[in-house]
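Coordinate analysis (summary)
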Amino acid sequence: MRVITGTARGRRLKELEGMETRPTTDRVKEGLFSALQFDIEGRRVLDLFAGTGQLGIECLSRGAASAVFVDRRADAVKLIRENLKLTELQDRARVVAGDSMEFLRSLRERFDIVFLDPPYAAGLLEPAVAHLTAFDILNPHGIIVAEHPADRSLPAPAAPYRVHRTYRYGRIALTLIRRGGDQENEE
């Protein structure tokens with residue numbers, strides 16, 4: 001698992017032991033960042049269910065303004081901090097130890113990109129999307145990136161959110177949900 005490009009390009013990230021965490025594969029990560037390449041620089045990123053932190057770290061490496069990483073596992077939180085130190089990106093990062101759904105309920109800040117990659121069997125993806133859209137924590141034109149099994153599709157979110165596109169990589173799919181702009185700001 002390496003950082004693809006940017007200031008930390010080529011740095012190898014540490015991975016968690018065991019099967020509880022399923023890092024995003026290189027093929028999926030390359031496709032994802034190809035789709036997002038012009039939406040990252042200067043943006044605020046939230047990496048929920050962060051695991052190793054690789055998605056948020058990739059964004060920081062590519063010029064994101066800041067990233068918040070959330071994971072409930074103590075070993076994952078420790079590893080994210082180690083990976084941030086390895087990539088020398090900790091100055092623009094905040095790591096939160098705690099439940100991602102509780103974090104969403106108490107959130108008082110807004111983001112431009114949110115990564116959702118919860119354990120598939122935990123049934124947390126749909127509730128996380130529902131919370132994000134209900135509490136409207138994305139800035140206008142923000143993006144939710146949800147990784148899920150390819151044989152499952154996400155329900156359509158309420159306006160101003162819409163499913164933009166779903167990319168399939170074998171048994172894995174990435175769905176991009178975009179938030180529309182605020183009408184009064186666009187006129």
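Read on for a plain summary of the structure. Worth saying up front: this structure is predicted, and the values here are computed from it rather than measured.

Below, the discussion takes up the sheet that holds strand β1 (residues 44–48). Strand order across the open sheet formed by seven strands is β3-β2-β1-β4-β5-β7-β6, with mixed pairing between neighbours. Sheet topology places β3 (93–97) and β6 (161–169) at the edges, where each strand pairs with a single neighbour. Neighbour-to-neighbour, the strand axes of this sheet turn through a mean angle of 15°, independent of strand direction. One ladder, built from seven bridges, connects strand β5 (residues 138–149) with strand β7 (residues 172–179); its direction is antiparallel. Counted as the bridge partner of Glu147 is Leu174 from β7. Set on the sheet, helix α2 (residues 54–61) makes contact with β1, β2 (66–71), β3 and β4 (111–116); between it and β2 the angle comes to about 175°.

Here we come to the side chain of Arg178. Within the secondary structure layout, Arg178 lies in strand β7. If near-sequence neighbours (up to four positions away) are discounted, Arg178 is found in contact with Asp39, His141, Gly142, Ile143, Pro160, Tyr161, Arg162 and His164.

Here Ala159 and Pro160 are connected by a cis peptide whose omega angle stands at 15°. Mapped onto the secondary structure, Pro160 falls in the loop between β5 and β6. If you check the backbone angles, Glu88 has positive phi at about 60° while not being a glycine. Secondary-structure assignment places Glu88 in the loop between α3 (74–87) and β3. Overall, the relative accessible area of 58% leaves Glu88 in the exposed class. Even without a glycine there, the phi angle at His141 is positive, about 70°. Inspection of the secondary structure assignment puts His141 in strand β5.

Criteria and thresholds
- Residues numbered from 1 in each chain as written.
- Predicted model: local features only at pLDDT ≥ 70, side-chain atom pairs only at ≥ 80, totals over all residues.
- Heavy atoms only, no water.
- Pairing = 2+ DSSP bridges.
- Helix = DSSP H or I, 4+ residues; strand = E, 2+ residues; numbered from the N terminus.
- Axes fitted to C-alpha atoms, helices over the stretch in contact; angles between N-to-C directions.
- Contact = heavy atoms within 4.5 Å.
- Buried < 20%, exposed > 50% of the residue type's maximum accessible area, 1.4 Å probe, protein only.

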